[in-house]
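Coordinate inspection notes
Listed below are the residues making up each chain.
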Amino acid sequence: MTTLTNLLDLDPAQLIAYCGELGEKPFRAKQLQRWIHQFGASDFDAMTDLAKSLRDKLKTRAMIAAPAVISDHTSSDGTRKWLIDVGQGNAVETVFIPEENRGTLCISTQAGCAVNCRFCSTGKQGFNRNLSVGEIIGQLWMAEFELRRTKGIEPGPKGERQITNVVMMGMGEPLLNYEPTVTALKLMLDDNAYGLSRRRVTLSTSGVVPMIDKLSQDCAVALAVSLHASNDALRDGLVPLNKKYPLKELMAACKRYLEFAPRDFVTFEYCMLDGVNDTDQHARELLALVQNVPCKFNLIPFNPFPESGLTRSNNSRIKAFAQVLMDGGIVTTVRKTRGDDIDAACGQLAGEVQDRTRVQDRMKKMAEYQEKFGKNFGRIVEISS
Ligand code: SAH
Ligand code: SF4
């Protein structure tokens, strides 16, 4: 039995090569790519400008398959969250955040994460596996065309685009799943696919220094770095990767990246943890740390989860902290959160179900959780850039 090639796994160059293997010219690959990524087609028969002989060939050898949606919930303000099945009892989250002038999709790159940051529930579930290209780009494919269907907007380049920005801030460390992540990024930017500008695609990393350099050469999109601490001793305890790539190296990598970046600043994400990293002294230390790195700060109020043993800084502390940074001349925003009363925070939902029960039990539990928490959204609401 031949296995079908999932065309969502192929970047533009690979699709051209694939068509070549079928004896087709490169422009066929472009047509095919437009059908897939601009029209959301998964049925080869719908691709009317492709010769019937090619469509028949594709039907026997290829498929267009995004991962299955386990659940789908929309909050009252339009934020929509999908739980995506990536097999073997693993699930990841994809979140759409509509705003007045843009629609941002937050996508995941790994099931679980090996970095194991102290404040992150994705990290607490450990590393399960890397997502494939099809599973990463499939989140955008599924979300864009599902959002259009919901609104009755036609597919194709003329239909109003629902997703204008993508942030890789869901589950997983994108730079530890490098090749599939970069292939998916290339598809996001390609004019025959989603055609997003590099400024509108942001990759968030906990600081994998050599891969930051590699990304600057392969696909320099906007960069966000999860800083969370103002000195090495503190960061070693919060982001264990810091022991391998300490702050001095990280700051130097950020500066190098900016020579290639589409924006002239790096965004530093900083999770506000009560009594841990949130004093004025920490903010002053940050000012010294980043003095040579053009940057903005995005302060994220910690989204608590039971086993973390951490709590969120209160609002007045966050404000005072932001003020110290702003007085030091750094543009600083505070990410709004909602649904504080529930556990559906970053990676929380999928994390909660990642126990040792059998796959089917896990799936059932996932559905129950979504049922229970579905209308509430924990982490990302507004992504400032
Ligand atoms: N692995 C990448 C991207 C995914 S995490 C990274 O770490 O950058 C996206 C952002 O959410 C990171 O800045 C991360 O530190 C933050 N985050 C994780 N858990 C959180 C929590 N419980 N509360 C608030 N922010 C959290
Ligand atoms: Fe991984 Fe990012 Fe969570 Fe750290 S914050 S454990 S790098 S997903």
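Placed above this text is the structure.
Attention in this report is confined to the structure presented alongside it. Note that this is a predicted model, so its numbers are computed, not measured. Every chain's residues receive numbers from 1 upward, in the order its sequence appears when written. Chains carry letters from A onward and ligands carry numbers from 1 onward, assigned in written order. Note on the predicted model: pLDDT of at least 70 is required for a residue's local features to be given, and 80 or more for side-chain atom pairs to be given and counted; whole-chain, interface and lining totals, by contrast, use all residues. Heavy atoms from the whole structure form the basis of all side-chain values; hydrogens and water molecules are not counted.

Turning our attention to the overall build of the protein. Where helices and strands are cited, they refer to DSSP runs of H or I of at least four residues and of E of at least two residues respectively, numbered from the N terminus. Broken down by element type, the protein carries 13 helices and 14 strands. Among the 385 residues that make up the protein, the fraction classed as buried is 57%. Only the protein chains shown count as cover for residues, and the accessible areas themselves come from Shrake-Rupley with a 1.4 Å probe. On the protein, roughly 16,200 Å² of surface is accessible, and the fraction owed to carbon and sulfur atoms is 50%. Using a 1.4 Å probe on the protein chains alone, a residue whose accessible area is under 20% of its type maximum counts as buried, one over 50% counts as exposed, and one in between counts as partly exposed.

Here we come to the sheet that holds strand β6 (residues 103-106). Within a sheet, adjacent strands bond to each other through the backbone by hydrogen bonds, running parallel or antiparallel. Here a strand pair is declared whenever DSSP counts at least two bridges between the two strands. Strand order in the open sheet formed by 10 strands is β3-β4-β5-β6-β9-β10-β11-β12-β13-β14, with mixed pairing between adjacent strands. Two strands close off the open sheet at either side, each with one partner strand: β3 (69-74) and β14 (332-334). Averaged over all neighbouring strand pairs, the angle between strand axes comes to 20 degrees, with direction disregarded. By the bridge criterion, six bridges tie strand β4 (residues 80-85) to strand β5 (residues 91-98) in an arrangement that is antiparallel. Considered in β5, the bridge of I84 is made with V92. Contacts: residue pairs with any heavy atoms within 4.5 Å of one another. Each axis is a line fitted through C-alpha atoms, and for a helix only the stretch in contact is used; angles between axes span 0 to 180 degrees, taken between their N-to-C directions. Helix α11 (residues 315-327) contacts β12 (266-272), β13 (295-301) and β14 of the sheet and is inclined by roughly 175 degrees relative to β13.

Here we take up helix α5 (residues 133-151). For a helix, the expected span equals 1.5 Å multiplied by the residue count minus one. Between its terminal C-alpha atoms α5 stretches 27 Å, which fits the 27 Å expected from 19 residues at 1.5 Å a residue. Counting buried residues in α5 gives 15 out of 19 residues, a clear majority hidden from the surface. Phi for G152, located one or two positions after α5, is positive at around 70 degrees.

To continue, consider the pattern of salt bridges. Salt bridges, as used here, are contacts in which a Lys or Arg side-chain nitrogen is within 4 Å of a carboxyl oxygen on Asp or Glu. Counted by the stated rule, this structure contains 17 salt bridges. The partner of D56 in a salt bridge is K52, with the nearest N and O atoms 3.0 Å apart. In this pair, D56 and K52 are both assigned in helix α3 (residues 52-61), four residues apart and thus about one turn of the helix distant. A residue is classified by how much of its surface remains accessible, and D56, at 29% relative accessible area, is partly exposed. Classification of K52 by relative accessible area gives exposed; the value is 53%.

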